[in-house]
Structure formats: C-alpha cells, structure tokens
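Chains, contacts and geometry: an overview
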Amino acid sequence: MSTTGIIFDIKRFAIHDGPGIRTTVFLKGCPLDCAWCHNPESRGREPEPRRGLGSRFHGSGEMIGVQATVNDVMDVVLKDRVFYDESGGGMTLSGGEPLLQREFAASLVQAARSLGVGTAVDTSGSVSWRHFEAVLPWTDLFLYDLKLADPAAHDEWVGGDHGMILSNLRRLVAADAAVRVRIPLIPGVTDTDDNLSSLSVILSGIGTIQAVDLLPYNPAGEHKADRLGIARRLPSIRTQSKEEMSRIQDHFSSLPVFIGGAP
Ligand code: SF4
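Residues numbered from 1 in each chain as written. Predicted model: local features only at pLDDT ≥ 70, side-chain atom pairs only at ≥ 80, totals over all residues. Heavy atoms only, no water.

**Brief notes about the pairing of strand 6 (residues 90-94)**
Under the convention used in this document: Under the scheme applied here, a residue whose accessible area is under 20% of the maximum for its type counts as buried, over 50% as exposed, and between as partly exposed, the area being computed with a 1.4 Å probe on protein chains only. Each helix corresponds to a stretch of at least 4 residues labelled H or I by DSSP, and each strand to a stretch of at least 2 residues labelled E; elements are numbered beginning at the N terminus. When DSSP finds at least two bridges between two strands, those strands are taken to pair.
In terms of residue burial, strand 6 counts as a mostly covered element, since five of its five residues are buried. The pairing of strand 2 (residues 22-27) with strand 6 spans five bridges and is parallel. Note that in strand 6 the partner of Thr23 across the bridge is Met91. Strand direction decides the pairing type here: strand 6 and strand 7 (residues 118-123), joined by four bridges, are parallel. Counted as the bridge partner of Gly90 is Gly118 from strand 7.

If you want it as structure tokens, here you go:
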C-alpha cells in the first residue's frame, strides 16, 4: 500500500527551489509561526476550509489540503521527467515544514530516487533529528532556512526551538549532506547588520555548505494573508533596494552567495 500524506499544492516548472527545472510538492503543517509567513494556509496539519485560493491540490470543494498517496504525487512529478534530465532538476519537497510528515516525506524522496529523479528538501529545520535521518539517504540537496541568530529575536518573530534548528544544521553538514542555507530578508527583522553578521559568523564556522541564498523580501505573503483574512504582525514593507542588497551581501564575503533561490 502506498504511504499517504497531506499536501496542499504541487507546482510544476519551479525554477527557484533547487537546481534546474523542478516540481515542488507542498506538504501541509508547520511548527513555526513566522510573522511574515508566505504560506499561511500551510501551517495547519490537517485539511482546512478554503478561504480564497484555488488549484487542483489545494483540495476539492471548500478544503485546502488533500490526502495523497506517494503514487499520486509521483504521477504528477514524472510528467516532467524529460525537463529534469535536461536541466539537472527534479522534485523538491516544501511546505509548511515537509519533514513534519516524516514517513510520507521519506517515502516520496525514496520513490523519486528509485525512479531516477533528483531530490531536494526545503526545510525550516524545526523538527527533531530523526526526521532528517529518515530522508537523508535519498536527498540530494537540503535548502535550509535560517532566519535569526539571536534566540530572543527568534522567539519573538519565528517561535520554535532555535537551538534545535542550529543543531540540525550542524549535524547535516557534519553528515556531509549537500546544504544551501537560505536567509529570507525581512526588512528591519532579519536583514539588520547585527543579525547578518552573527549569521555569517555561525555559517563560517559550521563546515562546508554549498552556498548562502539571500532571498529579498517578497510581499506576496502580505497579499495572501489579506485574502485569507489572517491578521498580519508586520506592516506592509517594501523589498530591499540594490544598494541594500549590496550591504547585505558584504556580510557573507567569505562564503559563496547568491541572490534569490538556487540557480
Ligand atoms: S517556516 Fe515557512 S511555512 Fe512555516 S511559518 Fe515560517 S514562513 Fe510559514
């Protein structure tokens, strides 16, 4: 019997979720509470009433999120195999926090690998290490979100277990996993000189990571939250200017840095 899980979207032809052309599978449920969440509909673990979004895998009728088997997901993923082969792409698991559904996530990357499809996992790191162990043997690349260096600020803006997030990152690197660290740049919160220099110190001492991806602020989450009727904790803010991006990039001069998602 094929393992099942709850997904809320599948995006084909994604180009910012790992190398090449990819299919990104969004698993439902996230233990964090980022003030700027770009996927507020992803946080609950179970399907929930729709409040204004639509696509095949948002679920039928009034619900966001649908139960799917590994075979259901693979049927979609395999449609674009020729593009993965040509571009070095594959399947990316995202969310939410995809590793929260540990068995389902592990079955998905295992199935993709056995079918010759590359695999990436986009994670907030906010799950216990055994969730990483479950996917590690079948994951080509981890896209690891890191937001704030200071535990008190992390508590205020993100929640979850800051120490566990850093510890998982260290363990992944120590296990020789391929890791790109992604830093979402939230104006006045994560893009301050203090935070970026502290993150840079942490990353410089952690071992070999493939790259640091600096993600300029994207106000899409604001619009989505408004449409869904979810109260926002941050006011409307603008994305970083070219000059600000250059200041931000300077903090990571000792590391390979990219602006935006993985190339
Ligand atoms: S980790 Fe991602 S999905 Fe979870 S609350 Fe933060 S932004 Fe939202």
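There's plenty left to go through after this.
**Points about the sheet that holds strand 9 (residues 179-184)**
For clarity, the cut-off: The axes used here are C-alpha line fits, helices contributing only the stretch in contact, and every angle between their N-to-C directions lies in the interval 0 to 180 degrees. Pairs of residues are marked as contacts when any of their non-hydrogen atoms sit within 4.5 Å.
Strand order across the open sheet formed by nine strands is 5-1-2-6-7-8-9-10-11, with mixed pairing between neighbours. A strand with exactly one partner marks an edge of an open sheet, and here the two such strands are strand 5 (66-69) and strand 11 (257-259). This sheet shows a mean twist of 30° between the axes of neighbouring strands, independent of strand direction. Against the sheet, helix 3 (residues 102-114) contacts strand 1 (4-14), strand 2, strand 5, strand 6 and strand 7, and its axis sits at roughly 175° relative to strand 6. Against the sheet, helix 6 (residues 162-174) engages strand 8 (141-145) and strand 9, with an angle of about 155° to strand 8.

**Describing the site of the ligand**
The cut-off we apply is this: For this purpose, a residue is taken to be near a molecule or strand whenever a single non-hydrogen atom of the residue falls within 4 Å of it. Three categories are distinguished: nonpolar for Ala, Val, Leu, Ile, Met, Phe, Trp, Tyr, Cys and Pro, charged for Asp, Glu, Lys and Arg, and polar for the others, with Gly belonging to the last.
As a structural note, the neighbourhood of the ligand is formed by Cys30, Leu32, Asp33, Cys34, Cys37, His38, Ser42, Arg43, Gly96, Ser124 and Lys147. Grouping the constituent residues of the shell around the ligand by class yields four nonpolar, four polar and three charged.

**A closer look at the packing of aromatic side chains**
The following threshold applies: Each Phe, Tyr or Trp ring, with Trp reduced to its six-membered ring, pairs with another whose centre is within 6.5 Å; inter-plane angles below 30 degrees give stacked pairs, above 60 give edge-to-face pairs, and intermediate values give tilted ones. The rule for a charge over a ring is simple: NZ of Lys or CZ of Arg within 6 Å of the ring centre, and within 35 degrees of the ring normal.
Taken as a whole and assessed by the stated rule, the structure comprises five aromatic pairs. When the centroid spacing of 6.0 Å and the interplanar angle of 50° are considered together, the rings of Phe132 and Phe142 count as tilted. Taken together, the residues span a long stretch of sequence, with Phe132 in helix 4 (residues 129-135) and Phe142 in strand 8 at a distance of ten residues. The same class applies to Phe132 as to Phe142, namely buried. Centroid distance Phe132 to Tyr144: 6.1 Å. Interplanar angle 20°. Geometry classified as stacked. With Phe132 in helix 4 and Tyr144 in strand 8, this residue pair connects regions lying twelve residues apart in the sequence. The residues Phe132 and Tyr144 share a single accessibility class, namely buried. Three or more aromatic residues joined by ring pairs make a cluster, and in this case those are Trp129, Phe132, Phe142 and Tyr144. Directly above the aromatic system of Phe258 lies the positively charged group of Arg180, at a separation of 4.8 Å from the ring centroid.

Everything listed is a geometric property; what it means functionally is a separate question.
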